[in-house]
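An overview of the molecular structure
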Amino acid sequence: MTALESVKVSNNTSFSRTNNLQDILYIQVSEEGKASANTAIRFNLDATDGFDSNLDAEYLPGKNGLGICSYSTSEDVWYAVNALPVEESKSIPLYIIHNNTEVSRTLTFTNLSSFDDNQSLFLADKYTEDTLLINDNFIYDFTYNGEVASNGNDRFTIIRKLENTTELLDKTTLFPNTLTDDQSIHISSPNSFNEAIIITI
């Protein structure tokens, strides 16, 4: 495991010791009666799509059956801290450790204020077919119900979209099945719900 001193923390402190980092999203998964787990996705000018030893930290499973990390399909690496190129729109798989029991959990997203207005972040839930705009302190409750598709292995994706997405979404409504197989986001037109605007990722 490669972990920077700036991201090493104990259970009684915040996830990152470094304040005022730009373009970094903190994600926490929690379950009632258990400790929470955290991960971070960061966009940085010096980052690559691969593992950056000075920016990234690999994820190691804990012992309480609760964990969260992002995943690189190209490098086959699990990340506790995942730094990615700042100039690109991205779809980032989010992996949540599943302990094979039916349980309800909560995702909490923070530090959205560190992002400029020229980019937007979405949470795509493949199981419910929902794609939701992430705001600061955004909370998402979900449940494992025994179906394989409801576990965290391949359920969630974080989508980062650059440029005019924020301004557009202020005037539009996301369709229920927003994220499509061709990696496009479908949203309704400001003028008519029947008119679709398609943004390709």
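On a predicted model such as this, the values are computed, not experimentally measured, just so you know. (Residues numbered from 1 in each chain as written. Predicted model: local features only at pLDDT ≥ 70, side-chain atom pairs only at ≥ 80, totals over all residues. Heavy atoms only, no water.)

This next bit is on the overall build of the protein chain. On a plain count of helices and strands, the protein chain comes out with one helix and 14 strands. For the protein chain, the residues scored as buried account for 45% of the 201 residues in total. For the protein chain, the proportion of contacts with a sequence separation of at least 24, taken over those separated by at least 6, is 62%. With an accessible surface of roughly 10,700 Å², the protein chain has 45% of that area assigned to carbon and sulfur atoms. (Helix = DSSP H or I, 4+ residues; strand = E, 2+ residues; numbered from the N terminus. Buried < 20%, exposed > 50% of the residue type's maximum accessible area, 1.4 Å probe, protein only. Contact = heavy atoms within 4.5 Å. Areas by Shrake-Rupley, 256 points an atom, 1.4 Å probe, with all protein chains shown as cover.)

The biggest cluster of nonpolar side chains holds 27 residues, and the ones touching the most others in it are Ile27, Leu107, Phe109, Leu123 and Ile158. Contributions of two or more residues to this core are made by strand S1 (24–30), strand S2 (37–44), strand S6 (90–96), strand S7 (103–110), strand S8 (119–125), strand S10 (138–144) and strand S11 (156–162). Among the elements that make up this core, the one with the highest residue count is S10 (four residues). Excluding residues within four positions of it along the chain, isoleucine 27 makes contact with Ala37, Asn38, Thr39, Ile41, Ile68, Leu94, Leu107, Thr108, Phe109 and Ile158. Grouped together as the second largest cluster of nonpolar side chains are six residues, Leu21, Ile24, Tyr26 and Val81 included. (Core = buried A, V, L, I, M, F, W, Y, C linked by side-chain atoms within 4.5 Å.)

Residue placement: lysine 90 occurs in strand S6. Apart from the residues lying within four places of it in its own chain, the contact partners of lysine 90 are Phe43, Asp49, Pro85, Ile158, Ile159 and Arg160.

Within the secondary structure, phenylalanine 43 sits in strand S2. A relative accessible area of 3% places phenylalanine 43 in the buried class. For the pair phenylalanine 43 and valine 86, spaced 43 residues apart in sequence, the C-alpha to C-alpha distance is 4.6 Å. Ignoring sequence-local partners within four residues, the contact set of phenylalanine 43 consists of Gln22, Asp23, Leu84, Pro85, Val86, Lys90, Ile92, Phe115, Leu121 and Arg160.

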